[in-house]
Amino acid sequence: MTGCIVLGCTSGYRSNKEKLHFFSVPRDKKLRDMWQAALRRRNIIIKSSQAVCEKHFLHTDILWKREICDEKGNVLAHASISFDDISFKKENKDNAVHASISFDDISFEKENKDNAAHASISFDDIINILNKKQLRMPRNWTYAQCYNDMRLLAFFLPKCDKLENYKDEYTFNCLKEVFLQEDMTIRINILKQPVLNILLDRSDISVTPITNTVENIEELQELLFFVDNLKICPGINISMNEIEKLGYTKAYKDIYGTLRHRKCLFLVSLILSKCKFCSSVRNSLNQKRRRLKLIKCAKK
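The model shown is predicted, which means the values in this text are computed figures rather than measured ones.

Rules of the game
Residues numbered from 1 in each chain as written. Predicted model: local features only at pLDDT ≥ 70, side-chain atom pairs only at ≥ 80, totals over all residues. Heavy atoms only, no water. Salt bridge = Lys/Arg side-chain N within 4 Å of Asp/Glu carboxyl O. Helix = DSSP H or I, 4+ residues; strand = E, 2+ residues; numbered from the N terminus. Buried < 20%, exposed > 50% of the residue type's maximum accessible area, 1.4 Å probe, protein only. Arc of directions from axis to C-beta. Contact = heavy atoms within 4.5 Å.

All right, on to the pattern of salt bridges then. Summed over all chains, the structure comprises 8 salt bridges. Across the pair Glu-18 and Lys-55 runs a salt bridge, and its minimum N-O distance is 3.0 Å. Here Lys-55 lies in the loop between β2 (51-53) and β3 (65-69) and Glu-18 lies in the segment before β1 (22-24), a separation of 37 residues in the sequence. Notably, a salt bridge pairs Lys-192 with Glu-177, separated by 2.7 Å at the nearest N-O pair. In this pair, Lys-192 sits in the loop between β10 (186-190) and β11 (193-194) while Glu-177 sits in strand β9 (residues 170-181), placing the two residues 15 residues apart along the sequence. The structure contains a network of salt bridges with shared partners spanning Asp-124, Arg-151 and Glu-182.

Another point: helix α3 (residues 123-131). Among the residues of α3, those classed as buried are Phe-123, Ile-126, Ile-127, Ile-129 and Leu-130. Take α3 and look down its axis: the buried residues cluster within an arc of 160°, on one side only. Where α3 is buried, its residues touch β7 (142-147), β8 (151-162), β9 and α5 (217-229). Downstream of α3 by a residue or two, Lys-133 has a phi angle that is positive, lying close to 60°.

Following the sequence through the fold, Gln-181 ends up in strand β9. Judged by its relative accessible area of 15%, Gln-181 is buried. Residue contacts for Gln-181: discarding those within four places in its chain leaves Phe-123, Met-150, Arg-151, Leu-152 and Arg-187.

With that settled, the discussion passes to the environment of His-261. Among the secondary structure elements, His-261 is positioned in strand β14 (residues 259-261). For His-261, a relative accessible area of 7% translates into the label buried. Placed 20 residues apart in sequence, His-261 and Val-281 show a C-alpha to C-alpha distance of 7.2 Å. Those residues in contact with His-261 that lie beyond four places of it in its chain are Ile-236, Tyr-248, Lys-250, Ala-251, Tyr-252, Phe-277, Cys-278, Ser-280 and Val-281.

And the structure:
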């Protein structure tokens, strides 16, 4: 099985060491055609030997339990599907079988079942679920309880950095933050900027999953995974000395020390390496160099 076939995704390739689970392209032609349309890749025809990584599925799109039924269709039990077991090769005396994840084993939810995940819950219920470690969060995310003027839960993706001008001293910053207030309202920040303000100017990023409140644990989980999948613009890969030397005034350092164009959009679609403003900086600097060179030649 090769890497993820979603355009711009590097999961499964040598350059990306992240360990993820993959969903095989279905063998059924109707389902495969639906995948083909969703992927929007006109230059290739997808095959059942290819796969899509878990980043491109909402957590709620996946059935985490399999129903065991008798001949009459009565549910006898629910069997949890262990990803740790599925992802390993199962050795047989005669051959080795890859237990790949397919739509026969884990399918999309087709019914809105009346269960605890859909039931309305309170802020205290969320805390109890967290204490029991029953909330599924994206990889590397964590949370903290805050008690200031009001109670709130902070879910965040931390990034560890070295302290500037110090040797072997570290700090961490939060790239993405989701705040759940006691009244069950939601606040989302990307690089300390309210995400709703950012998304207002973004035509290529869907804002559908973002709501002002959450009513059940499933909505909260879906929101966390959605925010985790948002791609942050990496900024400008040019030294500050070079920028200052050329007198370029449209760049600045954000609160985490990343150089950005002053109009940086912060979020970009998965198929882009960076936003259009940060991408334009290198060309602007090259034009400045040429102008300065012409001015020097004219003076001579």
